[in-house]
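Analysis of the macromolecular model
One letter stands for each residue in the lines below.
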Amino acid sequence: MNRIRRRAWPLPLLLLCCCGRPTLRPERVVHLATMYSARTRAHWGRTTEFQITGRLVSDGANLVAEGPFVLWGSRSRGKLRADVYDPAGKPFLSLSCDSSGTLVYYPGREEAIFVADGVPLGPGRIKARDAVFLLRTGFPLRTEPEEIVNGAYPDSIHPIQWELAAAGSSTVGRLRVGMGPADLFPEAVFWEGGRLQVLSASPGDEYEAWPSGWAMETPDGRWVVEIREIRSPTESWDELWTLRVPVEIDTLSGGPFWEPGWPAGTE
């Protein structure tokens, strides 16, 4: 059995828990983080290939107001593939994520952009397999359960919080993950100027549940993902994961990679 590594709690955090603000005690945070980490282990261990269908609604962005989507994911392949349609059923946006990077194609505009090696998330990026992990568990890095416990700390806004740092950069800021004591999944991943929020969880056993609604807010607008069906496991085919783009592709910088912002634990 893996032993959970716990870090020593800094004095400021201990003092914070003793004042009148609504923060959890460190031992309560460890308990809740341990329960969540156990769920992430079960969720990830049971993940194979899956299909998610629903509707994408945008507000304030220069995008389609509403349309159906289908998203495929694969843990073993470390890939995501999605298509979004306009209200008339015409392809509006196609997306492919794998170890090479993220490709987004707008057929109607005849535009395509590519972010090498990663998936944009706020001012930084994560690996494609991390993005699959995020969809399944709500956590933006494929992290060992004991490290999820090690990184949790009490906060007055989100009672349980984790902080991620940008690798090799001191100017990008931090990515934070916030969770409530009764939540199955983190409530939000947030950064300066934006957030990615889990709106709901699918019904049923907590070790089988999925995040079943998402919202993203940035200075460019707000997107809401309404999930209607999750099929897991499901079957795919090799051609599914290939996105062919008949236009010139613009390559963009995705920013530094996010990494744990907490010190390594001790036994």
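Residues numbered from 1 in each chain as written. Predicted model: local features only at pLDDT ≥ 70, side-chain atom pairs only at ≥ 80, totals over all residues. Heavy atoms only, no water.

**Regarding the overall build of the chain**
Each helix and strand in the chain was counted, giving 4 helices and 17 strands. Taking all 267 residues of the chain together, 51% fall into the buried category. Of the roughly 13,300 Å² of accessible surface on the chain, a fraction of 51% belongs to carbon and sulfur atoms. (Helix = DSSP H or I, 4+ residues; strand = E, 2+ residues; numbered from the N terminus. Buried < 20%, exposed > 50% of the residue type's maximum accessible area, 1.4 Å probe, protein only. Areas by Shrake-Rupley, 256 points an atom, 1.4 Å probe, with all protein chains shown as cover.)

**Comments concerning the pattern of salt bridges**
Tallied over the full model, the rule gives 12 salt bridges. Note that Glu-229 is salt-bridged to Arg-231, the shortest N-O span being 3.2 Å. Each of the salt bridges in this network shares a partner with another, and the network as a whole consists of Glu-49, Arg-77 and Asp-238. (Salt bridge = Lys/Arg side-chain N within 4 Å of Asp/Glu carboxyl O.)

**As for the nonpolar core**
In this structure, Leu-71, Leu-80, Leu-121, Phe-139, Ile-160 and Trp-162 are the most contacted members of the largest nonpolar core, which totals 53 residues. Once residues within four sequence positions are removed from consideration, Leu-80 is found in contact with Phe-50, Leu-71, Trp-72, Gly-73, Leu-95, Ser-96, Cys-97, Ala-131, Val-132, Leu-135 and Trp-241. Core analysis: the second largest hydrophobic core is formed by 6 residues, Tyr-105, Leu-243, Val-245 and Val-247 among them. (Core = buried A, V, L, I, M, F, W, Y, C linked by side-chain atoms within 4.5 Å. Contact = heavy atoms within 4.5 Å.)

**With respect to the confidence of the model for the chain**
Of all residues in the chain, 88% attain a pLDDT of 70 or more, and the chain-wide mean is 89. A low-confidence stretch, residues 1-21 (pLDDT under 50), is modelled with 41 contacts involving residues beyond four sequence positions or located in other chains. (pLDDT = per-residue confidence, 0-100.)

**Quick notes on unusual backbone geometry**
Excluding glycine, residues mostly have negative phi values, and the peptide bonds linking residues are mostly trans. Put simply, Ser-232 and Pro-233 share a cis peptide bond, and its omega is 0 degrees. Structurally, Pro-233 is set in the loop between strand S15 (221-231) and strand S16 (249-252). The backbone of Glu-110 shows a phi angle near 55 degrees, a positive value even though the residue is not glycine. One can find Glu-110 in the loop between strand S5 (101-106) and strand S6 (111-116). Accessibility expressed as a relative area gives 57% for Glu-110, which makes it exposed. Even without being glycine, Asp-117 reaches a positive phi, approximately 75 degrees. As for its placement among the helices and strands, Asp-117 is situated in the loop between S6 and strand S7 (119-121).

**Things to note about the side chain of Thr-102**
Along the chain, Thr-102 falls in strand S5. By relative accessible area, Thr-102 is classed as buried at 5%. Here the side chain of Thr-102 touches Gly-118 through a polar contact of 2.7 Å, landing on its backbone oxygen. The contact partners of Thr-102, leaving out residues within four places of it in the chain, are Leu-95, Ser-96, Cys-97, Ile-113, Phe-114, Val-115, Gly-118, Val-119 and Pro-120. (Polar contact = N/O pair within 3.5 Å; in protein donor to acceptor, adjacent residues only side chain to side chain.)

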